[in-house]
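Okay, here's what each chain looks like letter by letter:
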Amino acid sequence: MKNSDIKENETKVGAEQKKGNHSEQEKYLEYEYKVFYSPDDLGDIKKYYEEKLGDPGSFPFTRGPYRTMYRDKLWTMRQYAGFGTAEETNQRFKFLLSQGNTGLSVAFDLPTQMGYDSDEEIALPEVGKVGVAIDTVEDMLLLFDGIPIDKISVSFTINGTAPQIMALYLIVAKKRGVPFEKLIGTLQNDILKEIIARGTWIYPVEPSVKLACDVIEFCAKYVPRFNPISVCGYHIREAGATAYQEVAFAFENAKVYVNNVIERGLDPDSFMRRVTFFFCTYHNLFEEVAKYRAARRIWAHIAKDFGVKDEKNMAMKFAVACGGASLTRAEPLLNIARVTLGALATVLGGGQSIFTEAYDEAYSIPTEHSAKIALRIQQILAFETDIPEVSDPLGGSFFIEKLTDQMEEKIKIEMKRVEDYGGMVKAIKDGFIQSVILHEAYKQQMLIEQGKKKIIGVNMFRDDGESSQKFEIFRPREANEKAKKLHEFKKSRDMRKIQKFLDNISFAAEKGENVIPYLIEALENGATIGETTKALKKVYGEFKEPIVI
């Protein structure tokens, strides 16, 4: 065969490939994947390493926040848990700890998230359904009964009422004689992403940011080992955003909080180390690894621009959950493979804390059986593989480095898009960010329906037979029992005394003071989350959602 014939044949083969699945996958992933990569894709290797990589634990932290990574300390293994009453959730916590959990993650019901007491009429249908119902300090004491809060890291997935939950946790520590300095854990406390992607907002944007920053400021001064915010890309991604939009929008949110705290006069080095992130990991393994490596590099430069001087405070720390939206009701046991790939991607990408979803979460709150399997996935990665032995094991791969560069560029483009619009607060209030995510979600759904985004058991290799898998659909305790108990508690109080504490919260809000000390005082003396929320609403009002087209 002549050389010209060989080249013609290669051209035909290339054209055939572009018509097939490979081109569809490229279009879906939005990256130009080559067949293979070489040093030519990176240029001067030594210069590239010095400028863009560096050793693990060194600026710009592309390769990880710590030099030895998991060899010295494994990631924190958490399982998200919370349902019904504080007593029930406490039992699940103890079960998970007995199975090897190294951290706890608390799920709250919708009334708690939105600042309603369990005895309010609007709350009754949702009490205890998707998380634990917390109204008072007594509930929080029951939630952590027998849990060594001075030794274990606790994560709270709460935003609108994050200041109240933090106050309640501090009261529990105080009552149990645990110094605030010993508390470790994380408060999500990212209200901007709630407004963007999830919906459990309470107050307008500016006062919401103010309250979130009250927590950051208070913790910087009095609870130094606790992470007062976990800026959350997770729900942004779950709402339909791409991997790079997830990071870009989370970073723009983070910049709003950091600016606010610096404007209060705090030295950025006094709190930036505790500004953490929470992301979503799907099972596109290489994309996710590249996302986390690019994100660390970008955040290091952002922190430096904010005036951070200690390089350790420029290192981005993050937790993940393995994307719940990727789990299917069809053939649910296949979700074990999906979650495993997500957990693997997170470990290879250098995460600090992992929550692995249970295979039955597309149906219900996980059973003890499914929650244990989800935890075992992490334990297998930690103890049955050699992955933790090496920091950034994929570093130096021509492909991974090029993909990391591509991811970095896409994240920066999305961030500039927000900045050109006028910043994140304006973009959220106008509904611009919500519109971007909505359009991306529609695009992704069309790719699924057209069969271009392939999901086994859904639009590919479907098994239309009846599933033999049985699930325990959780039924919460009768909400009226919780409401009655709370009602009796309220009747036993001196309401004139309570009202004085609630008025103090409103006065502090009016004067622009940090409200955390006033929340602690009120809740410690018998006020409820719902009552303290109303005291703040009296000053701030409520958020009005923009119309998004």
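Before any of the text, the structure's been laid out above.
Rules and cut-offs
- Each chain carries its own residue numbering, running from 1 in the written order of its sequence.
- Where totals are concerned, whole chains, interfaces and linings use all residues; where local detail is concerned, this predicted model gives features only for residues with pLDDT of at least 70, and gives and counts side-chain atom pairs only at 80 or more.
- Think of the side-chain values as coming from all heavy atoms in the structure, minus any hydrogens and water.
- Labels follow the DSSP assignment, with helices taken as runs of H or I lasting at least four residues and strands as runs of E lasting at least two, numbered in each case from the N terminus.
- Values of the radius of gyration come from C-alpha atoms, whereas the globule rule sets the reference at 2.2 Å times the count of residues to the power 0.38.
- Buried means the residue's accessible area, taken with a 1.4 Å probe over protein chains only, is under 20% of the maximum for its type, while exposed means over 50%, and partly exposed covers the values in between.
- Using a 1.4 Å probe, accessible areas were evaluated by the Shrake-Rupley method; residue-level cover was limited to the displayed protein chains.
- Working convention for charge: Lys and Arg count positive, Asp and Glu count negative, and His plus the chain ends are omitted.
- Throughout, a charge is located at the NZ atom of Lys, the CZ atom of Arg, the CG atom of Asp or the CD atom of Glu.
- Only buried residues count toward a nonpolar core. Its members are Ala, Val, Leu, Ile, Met, Phe, Trp, Tyr and Cys residues joined through side-chain atoms within 4.5 Å.
- Any two residues whose heavy atoms approach within 4.5 Å are treated as being in contact.
- At least two DSSP bridges between two strands are needed for those strands to be called paired.
- Comment: axis = line fitted to C-alpha atoms, over the contacting stretch for helices; angle = value between 0 and 180 degrees taken between N-to-C directions.
- Patch membership requires over 30% relative accessible area and the absence of a salt bridge. Like charges are linked within 9 Å, and nonpolar side chains (Val, Leu, Ile, Met, Phe, Trp, Tyr) within 5 Å.
- Any carboxyl oxygen of Asp or Glu within 4 Å of a side-chain nitrogen of Lys or Arg constitutes a salt bridge here.
- Two aromatic rings from Phe, Tyr or Trp, using only the six-membered ring of Trp, form a pair when their centres are within 6.5 Å; if the ring planes differ by under 30 degrees the pair is stacked, by over 60 it is edge-to-face, and anything between is tilted.
- Put simply, a charge is over a ring when the Lys NZ or the Arg CZ is close to the ring centre, within 6 Å, and near the line of the ring normal, within 35 degrees.
- The sense of a crossing depends on the near helix, which, turned anticlockwise from the far helix by less than a right angle, makes the crossing left-handed and, turned clockwise, makes it right-handed.
- In a helix, the anticipated span is given by 1.5 Å times the number of residues less one.
- A crossover gets the label right-handed when its path from the first strand over the helix to the second runs clockwise, viewed with the strands pointing away from the viewer.

Caption draft 1: Geometry of the overall build of the protein. When helices and strands are counted, the protein shows 21 helices and nine strands. Radius of gyration (C-alpha) of the protein: 24 Å, near the 24 Å computed for a compact globule of 549 residues. When its C-alpha atoms are laid out on the principal axes, the protein stretches across 95 × 60 × 50 Å. Within the protein, buried positions represent 56% of all 549 residues. When the accessible area of the protein is evaluated, it comes to approximately 24,100 Å², of which 52% is carbon and sulfur surface. Charge separation in the protein, taken as the distance between the mean sites of 74 positive and 80 negative side-chain charges, equals 2 Å.

Caption draft 2: Expanded view of the nonpolar core. Grouped together as the largest cluster of nonpolar side chains are 87 residues, with contacts concentrated most on Phe-251, Tyr-257, Phe-277, Phe-279 and Trp-299. With 12 residues, helix 11 (residues 243-263) is the single largest residue contributor to this core. Excluding residues within four positions of it along the chain, Trp-299 makes contact with Phe-251, Ala-254, Val-258, Met-272, Val-275, Phe-277, Met-314 and Met-316. Membership of the second largest hydrophobic core comes to 59 residues, among which are Val-137, Phe-156, Ala-167 and Ile-529.

Caption draft 3: Quick look at the sheet that holds strand 5 (residues 226-227). The nine strands lie next to each other as 5-4-3-2-1-9-8-7-6, forming an open sheet whose pairing is parallel. With partners counted over all chains shown, the strands left at the sheet margins are strand 5 and strand 6 (229-232), one partner each. The pairing of strand 8 (residues 318-322) with strand 9 (residues 353-355) spans three bridges and is parallel. Bridged to Val-320 within strand 9 is Ile-354. Each of strand 1 (76-81) and strand 9 touches helix 14 (residues 368-383); the most contacted strand, strand 1, lies at about 170° to it.

Caption draft 4: Broad picture of the pairing of strand 6. Alternating positions in strand 6 separate into two faces, Ile-229 and Val-231 on one and Ser-230 and Cys-232 on the other, with burial throughout. Where strand 6 meets strand 7 (residues 275-281), four bridges bridge the pair, whose relative direction is parallel. Paired with Val-231 across the bridge in strand 7 is Phe-277.

Caption draft 5: View of a nonpolar patch on the surface. A contiguous nonpolar patch, built from Leu-334, Ile-456 and Phe-461 and spanning about 280 Å² of accessible area, is present on the exposed surface. Within the element layout of this structure, Leu-334 appears in the loop between strand 8 and helix 13 (335-349).

Caption draft 6: View of the packing of aromatic side chains. Within this structure, the stated rule accounts for 24 aromatic pairs. Consider the rings of Tyr-33 and Phe-399, whose centres lie 5.4 Å apart with planes at 90°: the pair is edge-to-face. With Tyr-33 in the loop between helix 2 (21-29) and helix 3 (45-53) and Phe-399 in helix 15 (residues 398-421), the pair connects residues that are 366 residues apart, well separated along the chain. Here Tyr-33 and Phe-399 have matching classes, each one buried. By the ring-pair criterion, three or more aromatic residues cluster together here, those being Phe-93, Phe-108, Phe-144, Phe-156, Tyr-169 and Phe-226. In this structure, Lys-34 packs its charged tip against the face of Tyr-37, placed 5.5 Å from the ring centre. In this structure, Lys-304 packs its charged tip against the face of Phe-59, placed 4.7 Å from the ring centre.

Caption draft 7: Region of the structure containing the packing of helix 8 (residues 191-198) against helix 11. As a packed pair, helix 8 and helix 11 sit with axes 9 Å apart at the nearest point and diverge in direction by 145°. Considering the relative orientation of helix 8 and helix 11, their crossing is right-handed. Listed contacts from helix 11 to Ile-191, Leu-192, Lys-193 and Ile-196 of helix 8 are Asn-253, Val-256 and Tyr-257.

Caption draft 8: Region of interest: the environment of Gly-185. You can see Gly-185 is positioned in strand 4 (residues 185-187). By relative accessible area, which is 4% here, Gly-185 ends up buried. Sequence separation of Gly-185 and Gly-100 is 85 residues, and the distance between their C-alpha atoms is 17 Å. Excluding its chain neighbours within four sequence positions, the residues that come into contact with Gly-185 are Ser-153, Val-154, Arg-225, Phe-226 and Asn-227.

Caption draft 9: Fine view of the side chain of Asn-253. Summarising the element assignment, Asn-253 is placed in helix 11. Setting aside residues no more than four positions away along its own chain, Asn-253 makes contact with Asp-190, Leu-192, Lys-193, Ile-196, Val-231, Ile-236, Met-424 and Ile-428.

Caption draft 10: Summary view of helix 17 (residues 432-449). With 18 residues, helix 17 ought to run about 26 Å at 1.5 Å a step, and its terminal C-alpha atoms sit 26 Å apart, in line with that. Positive phi appears at Gly-451, one or two residues downstream of helix 17, with a value of about 80°.

Caption draft 11: Structural view of the environment of Ala-479. Note on placement: Ala-479 falls in helix 18 (residues 479-491). Remark: the alpha-carbon pair of Ala-479 and Pro-125, spanning 354 residues in sequence, is separated by 7.3 Å. Not counting residues within four places of it along the chain, the set of residues in contact with Ala-479 comprises Leu-124 and Val-127.

Caption draft 12: Broad picture of the side chain of Lys-537. Tracing the backbone through its elements, the reader meets Lys-537 in helix 21 (residues 529-540). Once residues within four sequence positions are removed from consideration, Lys-537 is found in contact with Tyr-116, Ile-202, Tyr-203 and Glu-542.

Caption draft 13: Expanded view of the pairing of strand 1. Most of strand 1 is tucked away, with five of its six residues classed as buried. Sheet topology note: the strand 1/strand 9 ladder contains three bridges and is parallel. In the strand pairing of strand 9, Thr-76 is matched with Ser-353. In the sheet, strand 1 pairs with strand 2 (residues 103-107) via four bridges, with the strands oriented parallel. For Tyr-80, the partnering residue across the bridge sits in strand 2 and is Ser-105. Of the crossover connections in this fold, the one passing from strand 1 over helix 4 (residues 86-98) to the parallel strand 2 is right-handed.

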